[in-house]
Amino acid sequence: MKIAVLNGSPKGQISVTMQYVRFLQTKFPQAQFQIYDVAQKINKLERNKEEFQNLIREIKSSQAVLWAFPLYFFLASSQYKRFIELISERKAQSAFRKKPAAVLTTSINFFDHTAHNYMNAICDDLGMKYFGSYSAEMNDMLKSSERKRLEAFGELFIAAVQNAQPAIKNYQPVVATRIAFKSGRPKPINTSEKKVLIIADEMDKKSNLGKMVDYLRASFSPTADLVQLKDIDIKGGCLGCMQCGIDNVCVYEGKDGFVDFFINQVMAADILFFAGPIRDRYLSSSWKRFFDRSFFKGHTPALKDKQIGFIISGPLNQISNLREMMTAYVEIQRANLIGFISDDMGTSEEIKIALQTAAFRAVDYAQKNYIKSPTFYKVGGVKIFRDAVYSRLRPVFQADHRYYKQHGLYDFPQKNYKWRMINSTLILLLKIPLVRKEFLKRMKVEMTRHFDRYIKKPK
Ligand SMILES: Cc1cc2nc3c(=O)[nH]c(=O)nc-3n(C[C@H](O)[C@H](O)[C@H](O)COP(=O)(O)O)c2cc1C
């Protein structure tokens, strides 16, 4: 049996993810896991159609596919995303149809689920038989329980392929939106010196996206700045080299225009709108490259305190996973989400109202420095980064460590000496039946008592 492993690490074979594939190779030598470095060789695959067709032939002749990739910003790397786009652009879907597929990722378990959801949906769109996914924390292999689990996953997947097990389809195809957005003349809102920047990937002026972006630009006075990603000199995707971790200096610095664009335009704006059409189940790979390349800022909130909105053309409302990724992205940046305006949200009138409302809120909230309350996305994410940067990732991400120290992000509960004292005393006292009885009786009242000084008591 041959299993085509589509390697999504830009680092190629010397990558964490491929060690997990090697583990499977070691455990199941009969399965022939054949590795293809699609992310690392994306430029070649894009330029050389023969090379791409050779790979497609290899996939076609295999019995199953393993999508193996590292998590990059809620998804796979932009190089891998580009490969997925090429499959439909070059009409190579038939090589994947009916083929059993599994997903294997390595990450620090930050939004691995959205990447898995995405790949599951892509497999369903390609008509593959999606078996399931495996999320390995980078260092899981060092634990015997996790090695056992991975081995079980490999065994189950191989058995599913051998027994031609049917799959459970989780995603229905998305239906393209048909509305032609009719623009108009908006009432512009004075930006009160707040800097507004709209970033779009390649955009046709006459498309819905082009018209929505024009309408939004004109909703601000002075008109909002617009930058198209195609006009920024970006030589390539993030290489995953982690060299930026020490001092936030990207290996591309001085070689292309991304860092300069990000620091001097994106970070300098108060209000940002990200605009683009949906490509498969995400935005384009150019947008993905934008996010990946911003990794030179490490795990710090580079867009802190900004107002951020999204202008999207395509079936956004059928892809809740995309909305989740972008919402979480904004939260983790400690920025404020203005909202999503998409051309599948209603009539032209409704879209125009939404665009004007977004413009108004962006300026209003920027003036009031309003950042909405964080949810699990930020609260959970910050703890994952805090623990990782404090411990095993610190030598690599020294710039993050300095930032976390300076900004008080190392807020570990075990440092809270007052509560540690109270807790241990209270736990001891609660062993006494009378105290315990009184404690349980008063618990409800005591839990609200410390709010008293901020609120008026009802009579
Ligand atoms: C640009 C970039 C973005 C990343 N984004 C995420 C992420 O969103 N979630 C996560 O858990 N890990 C993320 N990571 C960590 C990698 O997924 C992790 O280190 C992975 O094991 C690297 O695998 P590789 O050596 O096979 O490339 C990111 C790493 C890089 C370089």
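Cut-offs used in this document
Residues numbered from 1 in each chain as written. Predicted model: local features only at pLDDT ≥ 70, side-chain atom pairs only at ≥ 80, totals over all residues. Heavy atoms only, no water. Near = heavy atom within 4 Å. Polar contact = N/O pair within 3.5 Å; in protein donor to acceptor, adjacent residues only side chain to side chain. Helix = DSSP H or I, 4+ residues; strand = E, 2+ residues; numbered from the N terminus. Nonpolar A, V, L, I, M, F, W, Y, C, P; charged D, E, K, R; others polar. Domains from an automatic or database assignment. Contact = heavy atoms within 4.5 Å. Buried area = accessible area lost by both parts, 1.4 Å probe. Salt bridge = Lys/Arg side-chain N within 4 Å of Asp/Glu carboxyl O. Patch = residues over 30% accessible without salt bridge, like charges linked within 9 Å, V, L, I, M, F, W, Y side chains within 5 Å. Areas by Shrake-Rupley, 256 points an atom, 1.4 Å probe, with all protein chains shown as cover. Buried < 20%, exposed > 50% of the residue type's maximum accessible area, 1.4 Å probe, protein only. Pairing = 2+ DSSP bridges.

Next up on the list: the site of the ligand. Neighbouring the ligand are 21 residues; Ser9, Val16, Thr17, Leu71 and Thr106 lie closest to it. A distance of 2.5 Å separates an oxygen atom of the ligand from a polar atom in the side chain of Thr17. Backbone polar atom of Phe110 to a nitrogen atom of the ligand: 2.8 Å apart, as the coordinates give it. Elements represented by at least two residues in the shell around the ligand include exactly helix 1 (16-27) and strand 4 (100-107). Split by residue class, the shell around the ligand holds 12 nonpolar, 7 polar and 2 charged. In terms of domain composition, the shell around the ligand takes at least three residues from each of domain 1 (3-162) and domain 2 (189-368).

The next thing to look at is the domain arrangement of the chain. Along its sequence, the chain is organised into domain 1 (3-162), domain 2 (189-368), domain 3 (376-413) and domain 4 (416-454). Taking only C-alpha atoms, the centre of domain 2 and the centre of domain 3 are 25 Å apart. Listed per partner, the contact involves 18 residues of domain 2 and 16 residues of domain 3. Considering only the side of domain 2, the residues that lose the most area to domain 3 are His299, Ile332 and Arg334, jointly responsible for 39% of the buried surface there. The interface formed by domain 2 and domain 3 includes 0 salt bridges. Put simply, domain 2 and domain 3 have 9 residue pairs in polar contact (both at pLDDT 80 or more) between them. Listed by contribution, the elements that provide at least two residues to the side of domain 2 that touches domain 3 are helix 8 (244-247) and helix 11 (320-332). The dominant element in the side of domain 2 that touches domain 3, judged by the number of residues it contributes, is helix 11, at 5 residues. Residue composition of the side of domain 2 that touches domain 3, by class: 6 nonpolar, 6 polar and 6 charged.

Right, let's talk about a nonpolar patch on the surface for a bit. A contiguous nonpolar surface patch, about 1,000 Å² in accessible area, is contributed by Trp419, Ile422, Leu426, Leu429, Ile432, Leu434, Val435, Phe439, Leu440, Met443 and Met447. Those elements that provide at least two residues to the nonpolar patch are helix 15 (417-429) and helix 16 (433-449). If one sorts the elements of the nonpolar patch by residue count, helix 16 sits on top with 6 residues. Tracing the backbone through its elements, the reader meets Met447 in helix 16. Judged by relative accessible area, Met447 falls into the exposed class, the value being 55%.

Under the defined criterion, the tally for this structure stands at 29 salt bridges. Taking the shortest distance from any N to any O, the salt bridge between Arg281 and Asp125 comes out at 2.7 Å. With Arg281 in the loop between strand 10 (271-277) and helix 10 (285-293) and Asp125 in helix 5 (residues 112-125), this residue pair connects regions lying 156 residues apart in the sequence. You can call Asp125 partly exposed: its relative accessible area is 36%.

Turning our attention to the pairing of strand 7 (residues 196-200). Within strand 7, 5 of the 5 residues are buried, leaving the element largely enclosed by the surrounding structure. Neither face of strand 7 is left uncovered, since the one carrying Val196, Ile198 and Ala200 and the one carrying Leu197 and Ile199 both have all their residues buried. In terms of strand pairing, strand 7 meets strand 10 through 5 bridges, oriented parallel. Paired with Leu197 across the strands is Leu272, a residue of strand 10. Where strand 7 lies against strand 9 (residues 225-228), 4 bridges are found, and the strand directions are parallel.

Looking now at the side chain of Asp256. The topology assignment puts Asp256 in the loop between helix 8 and helix 9 (258-266). With relative accessibility at 11%, the residue Asp256 sits in the buried group. Polar side-chain contacts of Asp256 include one of 2.9 Å to the side chain of Arg293. Apart from the residues lying within four places of it in its own chain, the contact partners of Asp256 are Asp233, Ile234, Lys235, Gly236 and Arg293.

Before going further, it helps to examine the pairing of strand 3 (residues 64-70). By the criterion of burial, strand 3 is predominantly enclosed, with 7 of the 7 residues buried. The alternating pattern of strand 3 places Ala64, Leu66, Ala68 and Pro70 and Val65, Trp67 and Phe69 on opposite faces, both of which are buried. Of the pairings in the sheet, the one linking strand 1 (residues 3-7) to strand 3 comprises 5 bridges and is parallel in character. By the bridge assignment for strand 3, Leu6 is matched with Trp67. Note that strand 3 and strand 4 share 6 bridges and pair parallel. Within strand 4, the residue paired with Val65 across the bridge is Ala101.

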